[in-house]
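# Residue-level structural notes
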Amino acid sequence: MRPHKPPRHLADLDPDERRAALVEAGEPAYRAEQLSRNYFAHYGDLSAMTDVPVRDRDRLAADFLPPLLEDIRTIECDGGKTRKTVWRLGDGSLVESVLMHYPDRVTMCVSSQAGCGMGCPFCATGQAGLTRNLSAAEIVEQVVVGGRGVVDNVVFMGMGEPLANYPALIRALHGLVDPVPAGLGIGRRHITVSTVGLVPGIDKLAAEGLQVTLAVSLHAPDDELRDTLVPINLRWKVAEVLDAAWRYASSSGRRVSLEYAMIRDVNDQPERAHLLGSLLAGRLAHVNLIPLNPTPGSAWTATTPEREREMVRILRSYGVPTTVRDTRGREIDGACGQLAATVS
Ligand code: SAH
Ligand code: SF4
């Protein structure tokens, strides 16, 4: 039987715990930093571990840097600029990440859970339900192994609800932003955590002081519609979610991104654009409109280009910065629309 708990990995531990784990294994404490450097700066290339005796390398790597992800399929599109990878975890669960090359940056979209328990009806991941949380190391490894040193930005917009996997999210964020050798040293402002709107999680994240960018998946400005698109709205209403977003904006000093998947004749009416504009006017907010990527079997489809332009025009008339997302990798396959969405 396959193990259901991922094996111990250095990236699940903070620097003190790493040292303690090495000492417990009968190694000098400084090996922790050597192994971290190998992992975060050399992406686990053992031949680069020149500061560790050759006879110890394989054993230490097997004990502290076991491979967590197996690349079972990588698909390219946009002439190789977009690469989606399907990873198999130790227990057989599958998750996806997407690497997107732009002229000025490389963005990696990662998964935080295998599946998702939030049940948003327009989302392919939501339809499948939650299999399990990823460990911090399984999240970080998508960037380490899938990105191999080229990643400038990381967005938590793959499978799963990151704030529903809070401790692993925080540990993973440290692995991404802590300076080498403790982590990958990616700029805090270059990390975006996207949430469906778990209010206590937003407040906890604000209190961490990590200053990563927060994206909130709003999709409707009124409770009547949002209750149906985002079932967790039955628990935390639009006003509560937006209040939490403004608290995050004021404590982090960062503009909050509001995600809005435009679904034809569902949430794309000018009245809703006006309501959204009036809720966001004067706030530290930015709207990202995403044309819906229809999931198989769903009656919903993407909005029209006219409605999209109208939405942008109305929101801007309220002084709300608004962009339309480039849906990279759309042709890779239907379920990847959310993964390939990029923060522009
Ligand atoms: N669970 C988090 C992060 C993962 S989903 C969240 O919901 O924010 C990342 C983004 O993709 C979210 O904004 C989500 O609403 C959006 N999304 C999901 N399914 C989509 C689809 N079929 N078309 C367009 N966007 C989608
Ligand atoms: Fe989960 Fe986000 Fe999909 Fe909703 S949109 S089901 S929260 S992954």
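Predicted, not measured: the structure shown is a model, and the values here were computed from it. (Residues numbered from 1 in each chain as written. Chains lettered and ligands numbered in written order. Predicted model: local features only at pLDDT ≥ 70, side-chain atom pairs only at ≥ 80, totals over all residues. Heavy atoms only, no water.)

Given a rise of 1.5 Å per residue, 13 residues ought to cover 18 Å, and the 18 Å separating the end C-alpha atoms of helix 11 (residues 305-317) matches this to within 8%. Restricting attention to buried positions, one finds in helix 11 the residues E308, M311, V312, I314 and L315. Directly after helix 11, the chain includes G319, whose backbone phi takes a positive value near 75°. (Helix = DSSP H or I, 4+ residues; strand = E, 2+ residues; numbered from the N terminus. Expected span 1.5 Å × (residues − 1). Buried < 20%, exposed > 50% of the residue type's maximum accessible area, 1.4 Å probe, protein only.)

Let us now look at the domain arrangement of the protein chain. The assigned domain composition of the protein chain is domain 1 (10-64) and domain 2 (70-332). Between domain 1 and domain 2, the C-alpha centre-to-centre distance is 33 Å. Each partner contributes residues to the interface: domain 1 has 14 residues there, and domain 2 has 15 residues. Contact between domain 1 and domain 2 buries roughly 1,300 Å² in total, counting both sides, with carbon and sulfur atoms accounting for 58%. Inspection of the region where domain 1 meets domain 2 yields two salt bridges. Where R171 meets D14, a salt bridge forms, and the shortest distance between an N and an O atom there is 3.9 Å. Applying the counting criterion to the domain 1 and domain 2 interface returns seven residue pairs in polar contact (both at pLDDT 80 or more). Of all the secondary structure elements, the ones that give two or more residues to the side of domain 1 that touches domain 2 are helix 1 (15-24) and helix 2 (31-42). Residue composition of the side of domain 1 that touches domain 2, by class: seven nonpolar, one polar and six charged. (Domains from an automatic or database assignment. Contact = heavy atoms within 4.5 Å. Buried area = accessible area lost by both parts, 1.4 Å probe. Salt bridge = Lys/Arg side-chain N within 4 Å of Asp/Glu carboxyl O. Polar contact = N/O pair within 3.5 Å; in protein donor to acceptor, adjacent residues only side chain to side chain. Nonpolar A, V, L, I, M, F, W, Y, C, P; charged D, E, K, R; others polar.)

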